[in-house]
Amino acid sequence: MDFDTKKLFRAAERGRYAIGQFNASTADQIRAIMRVAIELRTPVIIGTSEGECKFIGARQAVKLCEAYEEAGISVILNADHTYKDVKEIKNLDTIRALLDAGYNSIHFDGSVLSFEENVKWTKQVVAMCKEKDPGISVEGELGFLPGVSQISKEKVEIKPEYLTDPAQALAFVEATGIDRLAVSVGNSHGISFQEDRLDIERIAAIKKAIGGRAVLVLHGGSGIPSDQIQAAITQGVRKININTELRVAFHDALTATLIGSGETTPYKFLPPAMDAVASVVEGKIKLFGSGGAAL
Ligand code: 13P
């Protein structure tokens, strides 16, 4: 996976579409996502959270993604929310190991740190990644995103102080040299009973502030109504992360297939779950507008 991800995002900026990041922790999920990416000729990002990466294996995730290069599809493999637990940051060994395994994209999440500490660590991550290969893409995060990638019965509260400030976003991008900036604009991880309401004006203001210096990223893409996603893309979001909707689709289809069936052959009971994941991915890629953009 030896290519410059910058050119994919430059093309997204020109074409005014967003590239989807779809999270996965099994080979079946990656196959389902890639099947759609190949069909729709779109660049695609496979995301693995720390837990997902631990489960599938970093080297294994890299090799699985590399297997699709011959289909002519650019696959970015992104380590999502590296250092979810800030106590683990101390040194950057986890990121070094991911780079050695062959990840071509790192999301360093220092959003719970103070602005100064977030800048300090993000800058070090950028330096480490670029030293390894200038083509490796680095995402930083500013502003806090509540919630986890699951269905929640609790009300997820988004406090005003969580939201990303446009002027601070510019200062963060300039001080760190990141390629992509994940922001808090009314989004949250997971699906709760109340829908997310994106602050579209804030997205526009952040985009205006950072201009072309970094790619604007929307996390927590599950459960956000399509018209809001479209408005976010119109205002300049070029990468959107989806996880919960894929997890739910996989789980529900697998449960429905297995209950009472007595089927024990994985290649017989897994396809409906893979189809369910593929169907969600197809809907998102069409919504994001990246179909046909494979480079
Ligand atoms: P959702 O689980 O809400 O789709 O968010 C995924 C995400 O942002 C991964 O980083």
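Whatever comes next refers back to the structure up there.
Residues numbered from 1 in each chain as written. Predicted model: local features only at pLDDT ≥ 70, side-chain atom pairs only at ≥ 80, totals over all residues. Heavy atoms only, no water.

## Considerations on the site of the ligand
Consideration 1: Contacts to the ligand come from 14 residues, most closely from D80, S149, G220, S222 and T244.
Consideration 2: Note that an oxygen atom of the ligand is positioned 3.0 Å from one of the side-chain N or O atoms of H219.
Consideration 3: Here G220 contributes a backbone N or O atom positioned 2.7 Å from an oxygen atom of the ligand.
Consideration 4: Contributions of two or more residues to the shell around the ligand are made by strand 3 (75-82) and strand 10 (237-242).
Consideration 5: Its residues assigned to classes, the shell around the ligand comprises one nonpolar, twelve polar and one charged. (Near = heavy atom within 4 Å. Polar contact = N/O pair within 3.5 Å; in protein donor to acceptor, adjacent residues only side chain to side chain. Helix = DSSP H or I, 4+ residues; strand = E, 2+ residues; numbered from the N terminus. Nonpolar A, V, L, I, M, F, W, Y, C, P; charged D, E, K, R; others polar.)

## Observations concerning the packing of helix 10 (residues 244-258) against helix 12 (residues 271-288)
Consideration 1: Contact geometry for helix 10 and helix 12: axes closest at 7 Å, N-to-C directions at 150 degrees. Looking at the two axes, helix 10 sits roughly antiparallel to helix 12. Note that helix 10 runs across helix 12; the crossing there is right-handed. Contacts from E245, L246, A249, F250, A253, L254 and T257 of helix 10 reach helix 12 at P272, A273, A276, V277, V280, V281 and K284. (Axes fitted to C-alpha atoms, helices over the stretch in contact; angles between N-to-C directions. Parallel < 35°, antiparallel > 145°, perpendicular 65-115°, else oblique. Left-handed = near helix turned anticlockwise from the far one by under 90°. Contact = heavy atoms within 4.5 Å.)

## Some remarks on helix 9 (residues 226-234)
Each turn of an α-helix holds 3.6 residues, which means side chains three or four residues apart point in the same direction.
Consideration 1: Those residues of helix 9 lying buried are Q228, I229, A232 and I233. Buried positions in helix 9, seen along its axis, are confined to an arc of 140 degrees and lie on one side of it.
Consideration 2: Among the structural elements, helix 8 (200-210), strand 9 (215-218), strand 10 and helix 12 are those in contact with the buried residues of helix 9.
Consideration 3: The first or second residue beyond helix 9 is G236, which carries a positive phi of 115 degrees. (Buried < 20%, exposed > 50% of the residue type's maximum accessible area, 1.4 Å probe, protein only. Arc of directions from axis to C-beta.)

## Structural notes on helix 4 (residues 58-66)
Consideration 1: Taken together, the buried positions of helix 4 are occupied by A58, A61, V62 and C65. In an axial view of helix 4, the angular spread of the buried residues amounts to 100 degrees, which keeps them on one side of the axis.
Consideration 2: Those residues of helix 4 that are buried are in contact with strand 2 (44-48), helix 3 (50-56), strand 3 and helix 5 (93-101).

## Quick word on the packing of helix 6 (residues 115-132) against helix 7 (residues 166-176)
Consideration 1: Running from amino to carboxyl end, helix 6 crosses helix 7 at an angle of 35 degrees, the nearest separation of the two axes being 9 Å. Every pair of crossing elements has a handedness; the one defined by helix 6 and helix 7 is right-handed. Each of F115, N118, V119, T122, K123 and V126 in helix 6 lies in contact with helix 7, whose residues at this interface are Q168, A171, F172, A175 and T176.
Consideration 2: Of the residues in the contact of helix 6 with helix 7, the class split is six nonpolar, four polar and one charged.

## With respect to the nonpolar core
Consideration 1: In terms of nonpolar packing, the biggest core is built from 79 residues, with I95, Y103 and L181 touching the most fellow members.
Consideration 2: Broken down by element, this core gets its largest block of residues, ten residues, from helix 12.
Consideration 3: When residues no more than four places from it in sequence are discounted, the contact partners of Y103 are T48, C53, A58, A61, V62, L77, N78, A79, L98 and I136.
Consideration 4: One finds A11, I76, A182 and V217 within the second-largest nonpolar core, a separate group that totals twelve residues. (Core = buried A, V, L, I, M, F, W, Y, C linked by side-chain atoms within 4.5 Å.)

## Description of the environment of L145
Consideration 1: The topology assignment puts L145 in the loop between strand 5 (137-142) and strand 6 (151-152).
Consideration 2: Note: C-alpha distance between L145 and K159 (14 residues apart in sequence) is 9.8 Å.
Consideration 3: The contact partners of L145, leaving out residues within four places of it in the chain, are V183, S184, N187, S188, H189, H219 and G220.

## Observations concerning the state of the cysteines
Cysteine pairs can be linked by a disulfide, which is a covalent bond between their two sulfur atoms.
Consideration 1: All told, the structure shown has zero disulfides when counted by the stated rule.
Consideration 2: Note on C65: no disulfide assigned, nearest cysteine sulfur contributed by C53 at a separation of 11 Å.
Consideration 3: Judged by its relative accessible area of 0%, C65 falls in the buried class.
Consideration 4: The thiol sulfur of C129 is not disulfide-bonded, and the nearest other cysteine sulfur, from C53, lies at 14 Å. (Disulfide = S-S within 2.5 Å.)

## Brief notes about the side chain of H81
Consideration 1: With respect to the helices and strands, the residue H81 is situated in strand 3.
Consideration 2: Engagement of the side chain of H81 in a polar contact is seen with the side chain of H189, the distance being 3.2 Å.
Consideration 3: A distance of 3.1 Å separates the side chain of H81 from the side chain of H219, its partner in a polar contact.
Consideration 4: Leave out the neighbours within four places in its chain, and H81 touches E50, H107, D109, E141, H189 and H219.

## Details of the sheet that holds strand 10
Consideration 1: Pairing within the closed barrel is parallel, and its eight strands lie in the order 1-2-3-4-5-7-9-10. Each adjacent strand pair in this sheet contributes to an overall mean axis angle of 25 degrees, direction not counted.
Consideration 2: Where strand 9 meets strand 10, three bridges bridge the pair, whose relative direction is parallel. Bridging from a neighbouring strand, L216 pairs with V237 of strand 10. (Pairing = 2+ DSSP bridges.)

## Description of unusual backbone geometry
Consideration 1: Of note, the phi angle at R16 is positive, near 55 degrees, even though the residue is not glycine.
Consideration 2: Positive phi, close to 50 degrees, is recorded for H81, a residue that is not glycine.

Take it as geometry only, folks, not as evidence of what the structure does.
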